[in-house]
Amino acid sequence: MNKKGFIFDLDGVIVDTAKYHFLAWKKLANDLGIDFTEHQNEQLKGVSRVKSLEKILDWGGVSVSEEEFLQLMDKKNRDYLSYIDTMTEDEILVDVPKVLNLLKSGDQGIALGSASKNARTILKKVHLFETFHTIVDGTNVTKAKPDPEVFLIAAKQLDLEPEHCIVFEDSIAGIQAANAANMISIGIGEESVLSEADFVFKDFSEISESFVAQLINKQHSTI
Ligand code: BG6
Ligand code: MG
């Protein structure tokens, strides 16, 4: 039997939490007198909480003490979690359950590979926590995407070779991490942004049952 590991990013792939990150960062930035646009938010996709705050302060030309930095990160996260608290299964992105069910019935490895330290909370909110055989998130890694660490740990925990794993990602850094891990990279989003991916789909509604079967049955080099 063919067994592959399917590793999903969370934010922007399974759920659209980017809008909540945006609202929370915007409030924090504006309170500091810093402008924050949706375009800037794009540049924070896949980027860790620490790096995101560094970038925002840098854009605003604001410097803070180490203690204030930690307080700001905490403030942003508390605000973000107040949005997460209202989340339901309705916020799972289109046809994600369809693909997860196909993989489950095909007895495939299913993992989460996210930079978020809130990943477990979010998965529980949308009732997907039990779907994943393993969860690797921001609490389990030392190196951020585009470093492949998060995906390599997921492969190891699934007991599969990296070349037998497939990654779904919406960020450039995540696609680069998947490529560096020698995994098949599938971009979810705009072709123009995710051009380094092996395949790009606008969303999961474009991913057919036969494409999933192809991923399960073929070797990395022959897809
Ligand atoms: C990534 C998001 O998945 O997680 C980033 O794309 C976010 O926008 C990062 O900054 C860290 O998330 P959290 O939930 O730990 O602040
Ligand atoms: Mg993402």
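Structure: above.
Since the model is a prediction, treat every value here as computed from it, not as a measurement.

> Whenever I open this one, the nonpolar core confuses me. Can you help?
Buried together is how nonpolar side chains tend to be arranged in soluble globular proteins. Formed by 37 residues in total, the largest nonpolar core has its most connected members in Phe 8, Ile 14, Phe 132, Phe 168, Ile 186, Phe 204 and Ile 207. Setting aside anything within four residues of it in sequence, one finds Phe 204 in contact with Phe 8, Val 13, Val 94, Asp 95, Val 96, Lys 98, Val 99, Phe 168 and Ile 188. One finds Phe 151, Ala 155, Leu 160 and Ala 181 within the second-largest nonpolar core, a separate group that totals 15 residues.

> Got a minute to help me understand the coordination of the magnesium ion (ligand 2) in this structure?
Each angle at a metal carrying four tetrahedral donors should ideally be 109.5 degrees, and each at a metal carrying six octahedral donors should ideally be 90 or 180 degrees. Ligation of the magnesium ion (ligand 2) by protein atoms is provided by Asp 9 (OD), Asp 11 (O) and Asp 170 (OD), these donors lying 2.0 to 2.2 Å from the ion. Mapped onto the sequence, the donors of the magnesium ion (ligand 2) take the spacing D-x1-D-x158-D.

> Can you walk me through the packing of aromatic side chains in this structure?
Given two aromatic rings, their pairing is described by the distance between the two centres and the angle made by the two planes. This model, assessed by the stated rule, comprises ten aromatic pairs. Between Phe 199 and Phe 211 the ring centres are 5.1 Å apart and the planes differ by 75°, which places this aromatic pair in the edge-to-face class. Here Phe 199, found in strand 6 (residues 199–201), pairs with Phe 211, found in helix 9 (residues 209–217); they are twelve residues apart in sequence, far enough to count as distant. Judged by its relative accessible area of 23%, Phe 199 is partly exposed. Every member of this aromatic cluster is reached through a ring pair, and the members are Phe 6, Phe 8, Phe 132, Phe 168 and Phe 204. For Lys 76, the ring lying beneath its charged end belongs to Tyr 80, and the centroid distance is 4.5 Å. Over the aromatic face of Phe 129 sits the side chain of Lys 124, whose NZ or CZ is 4.8 Å from the ring centroid.

> Please explain the pattern of salt bridges as it appears in this structure.
Opposite charge on two side chains allows them to pair when their charged atoms are near. Scanning the model with the defined rule gives ten salt bridges in all. Ionic pairing is found between Glu 42 and Lys 45, a salt bridge with its closest N-O pair at 3.2 Å. Judged by relative accessible area, which is 28%, Lys 45 ranks as partly exposed. We note a salt bridge from Asp 74 to Arg 78, for which the minimum N-O separation is 3.1 Å. Of the two residues, Asp 74 and Arg 78 are both situated in helix 4 (residues 66–84); the distance of four residues between them amounts to about one turn of the helix.

> Explanation requested: the site of ligand 1 in the structure shown.
Close to ligand 1 lie 14 residues, the nearest being Asp 11, Val 47, Ser 116, Lys 117 and Asn 118. Arg 49 places a polar side-chain atom, nitrogen or oxygen, 2.7 Å from an oxygen atom of ligand 1. Contact distances for ligand 1 include 2.7 Å between an oxygen atom and a side-chain N or O atom of Ser 116. Contact with the protein chains removes 96% of the 400 Å² of surface that ligand 1 exposes when unbound. Residue composition of the shell around ligand 1, by class: four nonpolar, six polar and four charged. When residues of the shell around ligand 1 are sorted by domain, at least three fall in each of domain 1 (5–15 + 91–222) and domain 2 (18–84).

> Whenever I open this one, the pairing of strand 1 (residues 5–8) confuses me. Can you help?
Consecutive side chains along a regular strand alternate between the two faces of the sheet. Of the two faces of strand 1, both are covered, the one formed by Gly 5 and Ile 7 as well as the one formed by Phe 6 and Phe 8. In the sheet, strand 1 pairs with strand 2 (residues 109–113) via four bridges, with the strands oriented parallel. Bridged to Phe 8 within strand 2 is Leu 112. The pairing of strand 1 with strand 4 (residues 165–169) spans four bridges and is classified as parallel. Across the sheet, Phe 6 pairs through a bridge with Ile 166, a residue of strand 4.

> Before we go on, may I ask you to explain the side chain of Asp 137 in this structure?
On the secondary structure map, Asp 137 appears in the loop between strand 3 (134–136) and helix 7 (149–158). The exposure class assigned to Asp 137 is buried, which follows from its relative accessible area of 1%. Separated by 2.5 Å, the side chains of Asp 137 and Thr 139 make a polar contact. Ignoring sequence-local partners within four residues, the contact set of Asp 137 consists of Ser 114, Ser 116, Lys 117, Ala 119 and Arg 120.

Reading the values: the criteria
Every residue gets a number counted from 1 within its own chain, in the order that chain's sequence is written. Written order decides the labels, with chains lettered from A and ligands numbered from 1. At least 70 in pLDDT is required for a residue's local features to be given in this predicted model, at least 80 for side-chain atom pairs to be given and counted, and no such filter applies to totals for whole chains, interfaces and linings, which use all residues. Hydrogens and waters are ignored; side-chain quantities use all the structure's heavy atoms. Only buried Ala, Val, Leu, Ile, Met, Phe, Trp, Tyr and Cys residues count toward a nonpolar core, and they belong to the same one when joined by side-chain atoms within 4.5 Å. Each residue's exposure class comes from its accessible area (1.4 Å probe, protein chains only) as a fraction of the maximum for that residue type: buried when under 20%, exposed when over 50%, partly exposed otherwise. Should any heavy atoms of two residues lie within 4.5 Å, those residues are considered in contact. With water excluded from the atoms, a metal site may look incomplete; its donors are any N, O or S atoms within 2.8 Å, or within 3.2 Å for Na, K and Ca. Only centres within 6.5 Å qualify two rings of Phe, Tyr or Trp (six-membered ring in Trp) as a pair; their planes then separate them into stacked at under 30 degrees, edge-to-face at over 60, and tilted for everything else. In this text, helices come from DSSP runs of H or I with a minimum length of four residues, and strands from runs of E with a minimum of two, each type numbered from the N-terminal end. Placement of a charge over a ring requires the Lys NZ or Arg CZ to be within 6 Å of the ring centre, with the centre-to-atom vector within 35 degrees of the ring normal. Salt bridges are defined by distance alone: a side-chain nitrogen of Lys or Arg within 4 Å of a carboxyl oxygen of Asp or Glu. For this description, a residue counts as near a given molecule or strand if any of its non-hydrogen atoms is within 4 Å of it. For this analysis, a polar contact is any N or O atom pair within 3.5 Å, provided that within protein one partner can donate a hydrogen and the other can accept it, and provided that sequence-adjacent residues contribute only side-chain to side-chain pairs. What sets the accessible areas is the Shrake-Rupley method with a 1.4 Å probe; for residues, cover comes only from the shown protein chains. Put simply, Ala, Val, Leu, Ile, Met, Phe, Trp, Tyr, Cys and Pro go in the nonpolar bin, Asp, Glu, Lys and Arg in the charged bin, and everything else, Gly too, in the polar bin. Residue ranges for the domains originate in an automatic or database domain assignment. Strands are treated as partners if at least two bridges between them are detected by DSSP.

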